[in-house]
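# Understanding the architecture of this molecule
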Amino acid sequence: MRVTVSGTSGSGKTTFAAKLATAIGARHIDLDAINWQAGWYDLHRNEPEEFQRRVSAAAAGEAWVSCGNYSKVRPIILARATHAVWLDYPKWVVMARVFRRSFDRAWTGRELWPGTGNTETFVRWLDKEHPIRWAWDTYEGRRTRIDAEMADPALAHLAKYRLRHPREAGPLIARLAAEGA
């Protein structure tokens, strides 16, 4: 089973993907962890070929759960995926989650991806690329793109799941774990 988890920033992709990966005994591929290098160096923008190479290597395995929405590697993930999960939660749910997560990260100074030194700070909250603003600004466009992707006939080979409320996450994880057993 190879599952791609999509959703707007702050929807809970990483948490869902990690739980699902554990439940089905698969590798968790966090595209943010591959992309963001030390000092907030962005492979996606600065070295797209290297980013694609690293994602291709990660997706070569037989069992994984990936999370992320990076356009430059989306075709790589979709070509190998067997299942697609879309966390299509209401904007208020997403914004509450991203705000809580950002506050916790800024308050604790916790490193986002081990070994990178990358942390969130309250000073960056007004930056247009800060997760809170990014989630707000990209919410509708991301939903439109994922909706089109889920309807794409070229992806008919995928088992697709669209979750509209966080309470649907646990049952789907249990269902997919049973399916993969």
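Remember, it's a predicted structure, so these values are computed and weren't measured experimentally.

### Focus on the overall build of the protein
Across its full length, the protein carries eight helices and seven strands. Taking 16 Å as the expected radius of gyration for a compact globule of 181 residues, we find that the protein reaches 16 Å, a close match to that expectation. In terms of overall dimensions, the protein has a C-alpha envelope of 45 × 35 × 30 Å along the principal axes. Within the protein, buried positions represent 45% of all 181 residues. When contacts within the protein are restricted to residue pairs at least 6 apart in sequence, those whose partners lie at least 24 apart make up 68%. Of the roughly 9,200 Å² that the protein leaves accessible, carbon and sulfur atoms contribute 57%. Counting 27 positive and 20 negative side-chain charges, the protein places the averaged centre of each group 4 Å from the other.

### Overview of the layout of surface pockets
In this structure, the largest pocket encloses a volume near 1,200 Å³. In terms of lining residues, the largest pocket is bounded by 43 residues, among which Ser 9, Gly 10, Lys 13, Asp 32 and Arg 101 are the most central. Every element with two or more residues in the lining of the largest pocket is listed here: helix 1 (13–24), strand 2 (27–30), helix 2 (31–35), helix 3 (43–46), helix 6 (91–108), helix 7 (131–151) and helix 8 (169–180). Ranked by the residues each element gives to the lining of the largest pocket, the list is headed by helix 1, at six residues.

### Things to note about the nonpolar core
Core analysis: the biggest nonpolar cluster contains 26 residues, and Val 5, Phe 16, Val 85 and Leu 163 have the highest contact counts within it. Breaking this core down by element, the ones donating at least two residues are strand 1 (2–7), helix 1, strand 5 (64–67), strand 6 (83–87), helix 6, helix 7, strand 7 (159–163) and helix 8. Take this core: its biggest share by element is five residues, from helix 6. Each residue touching Val 5, except ones within four places of it in the same chain, is listed here: Lys 13, Phe 16, Ala 17, Val 65, Ser 66, Cys 67, Gly 68, Val 85 and Leu 87. Judged by nonpolar contacts, the second largest core, of 23 residues, contains Tyr 70, Ile 77, Trp 113 and Leu 158.

### Comments concerning unusual backbone geometry
With a phi angle near 60 degrees, Trp 40 is a residue other than glycine that sits in the positive phi range. Given a relative accessible area of 28%, Trp 40 falls into the partly exposed group.

### Here's the deal with helix 8
Compared with the 16 Å implied by 1.5 Å per residue over twelve residues, the 16 Å span of helix 8 between its first and last C-alpha is a close match. On the buried face of helix 8, the contacting elements are helix 1, strand 6 and strand 7.

### With respect to the packing of aromatic side chains
To describe a pair of aromatic rings, one takes the distance between the centres and the angle between the planes. Tallied over the full model, the rule gives seven aromatic pairs. Among the aromatic side chains, those forming a connected cluster through ring pairs are Phe 99, Phe 103, Trp 107, Phe 122 and Trp 125. Over the face of the ring belonging to Trp 136 we find Lys 91, whose NZ or CZ atom lies 3.6 Å from the ring centre. Note that Arg 124 overlies the ring of Trp 40, its terminal NZ or CZ placed 5.2 Å from the centroid.

### Details of the environment of Glu 47
Locating Glu 47 in the fold gives a position in the loop between helix 3 and helix 4 (48–59). Taking the C-alpha atoms as reference points, Glu 47 and Leu 20, separated by 27 residues in sequence, lie 30 Å from one another. Leave out the neighbours within four places in its chain, and Glu 47 touches Tyr 41 and Asp 42. For Glu 47, the side chain forms a polar contact with the side chain of Tyr 41, separated by 2.9 Å.

Reading the values: the criteria
- Residues numbered from 1 in each chain as written.
- Predicted model: local features only at pLDDT ≥ 70, side-chain atom pairs only at ≥ 80, totals over all residues.
- Heavy atoms only, no water.
- Helix = DSSP H or I, 4+ residues; strand = E, 2+ residues; numbered from the N terminus.
- Rg over C-alpha atoms; globule rule 2.2 N^0.38 Å.
- Buried < 20%, exposed > 50% of the residue type's maximum accessible area, 1.4 Å probe, protein only.
- Contact = heavy atoms within 4.5 Å.
- Areas by Shrake-Rupley, 256 points an atom, 1.4 Å probe, with all protein chains shown as cover.
- Lys, Arg positive; Asp, Glu negative; His and termini not counted.
- Charge placed at Lys NZ, Arg CZ, Asp CG, Glu CD.
- 1 Å grid on protein atoms, 1.4 Å probe; cavity = no way out; pocket = protein on both sides within 12 Å on 5 of 7 lines; lining within 4 Å.
- Points joined across faces, edges and corners; volume = space filled by probe spheres on them.
- Core = buried A, V, L, I, M, F, W, Y, C linked by side-chain atoms within 4.5 Å.
- Expected span 1.5 Å × (residues − 1).
- Phe/Tyr/Trp six-rings, centres within 6.5 Å; stacked < 30°, edge-to-face > 60°.
- Lys NZ or Arg CZ within 6 Å of the ring centre and 35° of its normal.
- Polar contact = N/O pair within 3.5 Å; in protein donor to acceptor, adjacent residues only side chain to side chain.

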